[in-house]
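Examining the three-dimensional arrangement
Each chain, letter by letter, is given below.
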Amino acid sequence: MQAIIEGIQASQQVTGRSGAAHRLHSAIDPEEGLFLERIVSSDPSVKRTLEVGCAYGLSSLHICKALQRRPGAKHTILDPFQNSQWDGAGIRNLEEAGVDYFEWIEELSEIALPRLMEEQEGRYDLVFVDGWHTLDHTLLDCFYATRLLRPGGYLVVDDIVLPPVRKALQYIAQYPCYRTFSTLSGKQSPTLRLRLLRALAGALPAQSRGSLLHPDLEHRLFGDRTVRMLALQKVSADTRNWDWYPSRF
Ligand SMILES: C[S@@+](CC[C@H](N)C(=O)[O-])C[C@H]1O[C@@H](n2cnc3c(N)ncnc32)[C@H](O)[C@@H]1O
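Residues numbered from 1 in each chain as written. Predicted model: local features only at pLDDT ≥ 70, side-chain atom pairs only at ≥ 80, totals over all residues. Heavy atoms only, no water.

**Considering the overall build of the protein**
- Scanning the protein for helices and strands turns up nine helices and nine strands.
- The contacts of the protein with a sequence gap of at least 6 include a subset with a gap of at least 24, amounting to 80%.
- For the protein, the computed accessible surface area is about 12,200 Å², with 53% contributed by carbon and sulfur atoms. (Helix = DSSP H or I, 4+ residues; strand = E, 2+ residues; numbered from the N terminus. Contact = heavy atoms within 4.5 Å. Areas by Shrake-Rupley, 256 points an atom, 1.4 Å probe, with all protein chains shown as cover.)

**Section: the side chain of Asp29**
- With respect to the helices and strands, Asp29 occurs in the loop between strand E2 (21-23) and helix H2 (30-41).
- Here the side chain of Asp29 touches Glu31 through a polar contact of 3.1 Å, landing on its backbone nitrogen. (Polar contact = N/O pair within 3.5 Å; in protein donor to acceptor, adjacent residues only side chain to side chain.)

**Thoughts on the sheet that holds strand E8 (residues 178-185)**
- Reading across from one edge, E5-E4-E3-E6-E7-E9-E8 is the order of the seven strands in this open sheet, with mixed pairing throughout. Two strands bound the open sheet, and with one partner strand each, they are strand E5 (102-105) and E8. The sheet shows a mean angle of 15 degrees between the axes of neighbouring strands, direction not considered.
- Across four bridges, strand E7 (residues 149-157) lies against strand E9 (residues 227-234) in antiparallel orientation. Opposite Val157, over in E9, you have Leu230 as the bridge partner.
- Contacting strand E3 (48-52), strand E6 (124-129), E7, E8 and E9, helix H6 (residues 135-148) runs over the sheet at an angle of about 150 degrees to E7. (Pairing = 2+ DSSP bridges. Axes fitted to C-alpha atoms, helices over the stretch in contact; angles between N-to-C directions.)

**Re the nonpolar core**
- Formed by 38 residues in total, the largest nonpolar core has its most connected members in Leu61, Val99, Leu126, Phe128 and Val156.
- Elements supplying a minimum of two residues to this core: helix H1 (2-11), H2, helix H3 (58-67), helix H4 (89-96), E6, E7 and E9.
- With six residues, H3 is the single largest residue contributor to this core.
- Residues contacting Val99, with those up to four places away along its chain left out, are Met1, Cys64 and Leu94.
- Core analysis: the next-biggest nonpolar cluster, separate from the first, contains 32 residues, Leu78, Ala112, Leu116 and Trp244 among them. (Core = buried A, V, L, I, M, F, W, Y, C linked by side-chain atoms within 4.5 Å. Buried < 20%, exposed > 50% of the residue type's maximum accessible area, 1.4 Å probe, protein only.)

**As for the pattern of salt bridges**
- The final tally for this structure, using the stated rule, is eleven salt bridges.
- The salt bridge partner of Arg228 is Asp29, with a shortest N-O separation of 2.7 Å. Remark: Asp29 occurs in the loop between E2 and H2 and Arg228 occurs in strand E9; sequence separation between them is 199 residues.
- A relative accessible area of 16% means that Asp29 is categorised as buried.
- Residues Glu96 and Arg92 are paired through a salt bridge, measuring 3.2 Å at the closest nitrogen-oxygen approach. With Glu96 and Arg92 both in helix H4, this residue pair falls four residues apart, about one helical turn.
- Judged by its relative accessible area of 28%, Arg92 falls in the partly exposed class.
- Within this structure, Asp29, Glu31, Glu32 and Arg228 form a network of salt bridges that share partners. (Salt bridge = Lys/Arg side-chain N within 4 Å of Asp/Glu carboxyl O.)

**Some thoughts on empty space enclosed by the protein**
- For the structure shown, the criterion picks out one cavity of 30 Å³ or more.
- Estimated volume of the largest cavity: approximately 30 Å³.
- Along the walls of the largest cavity sit Val129, Asp130, Gly131, Trp132, His133, Thr138, Val157, Asp158 and Val165, which together make up its complete lining. (1 Å grid on protein atoms, 1.4 Å probe; cavity = no way out; pocket = protein on both sides within 12 Å on 5 of 7 lines; lining within 4 Å. Points joined across faces, edges and corners; volume = space filled by probe spheres on them.)

**Describing unusual backbone geometry**
- Although it is not a glycine, Ala55 adopts a positive phi angle of roughly 50 degrees.
- Note on placement: Ala55 falls in the loop between E3 and H3.

**What about H4?**
- Buried within H4 are the following residues: Ala89, Gly90, Ile91, Asn93 and Leu94.
- Buried-residue contacts for H4 involve H1, strand E1 (13-15), H3, strand E4 (74-78) and E5.

**Digging into the site of the ligand**
- Of all residues adjacent to the ligand, which total 23 residues, the nearest are Gly53, Ser59, Asp79, Ser109 and Asp130.
- A distance of 3.0 Å separates an oxygen atom of the ligand from a polar side-chain atom of Trp86.
- Between a nitrogen atom of the ligand and a side-chain N or O atom of Glu110, the distance comes to 3.0 Å.
- For the ligand, whose free accessible area comes to 600 Å², the fraction covered by protein is 96%.
- Counting only elements with at least two residues in the shell around the ligand, the list comes to E3, H3 and helix H5 (109-120).
- Split into classes, the residues belonging to the shell around the ligand amount to 13 nonpolar, six polar and four charged. (Near = heavy atom within 4 Å. Nonpolar A, V, L, I, M, F, W, Y, C, P; charged D, E, K, R; others polar.)

This is the structure:
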């Protein structure tokens, strides 16, 4: 599996189900992949994993690599757009890597997660959230993830640098059932920086776009936002009362 991951990272390309080649984008980078892999590898009790957002399959490959040869391992992927937007490349990569311990649910997380919870509450060992990055979607994904995780399990979230994701996690991370297990900090990938700048350019009136070239902007946008990935461990059941509210929010 490592050879497939390295091949994709080296070529920055994937092949879809249609046979077409696609430029890699939106994927976790090798450092983030290793961060994810290490959490799974370091705890042999992690067997049932769930992922929101597969895209070209890089995070799925890293998780499945760490689960390899673990008895009872099963990785569940939620991605409604795997075929329509990603040409099935994520699933194709897993099949090519010989992974036969995954299932893919072609549904929006906001539909699939509450349904999964009906039967699987407290039965997952790790949930990785990397789907639709709005504040409300991230909150929903993490809310259901918390219910799906057993005490001792892990919630890992990508793209903490994005303001809505960051805001959602400032709230979720204060649930008394969580402790911060690990964080990955450091410079964001140039691709994500470019995406943020493009999104900002689109939101600004044409005459103000020149301000995006201001030398301080890089620092103001990214300077103090160094946490890229966050892993929380659920250390107890979530027993918050109806009137719970975090002290800092
Ligand atoms: C940033 S990409 C995921 C990248 C992937 N984890 C990786 O590292 O290779 C976001 C993914 O979320 C999926 N997505 C978007 N909206 C979603 C939703 N409502 N529910 C589940 N997945 C969603 C997209 O189809 C896309 O695959």
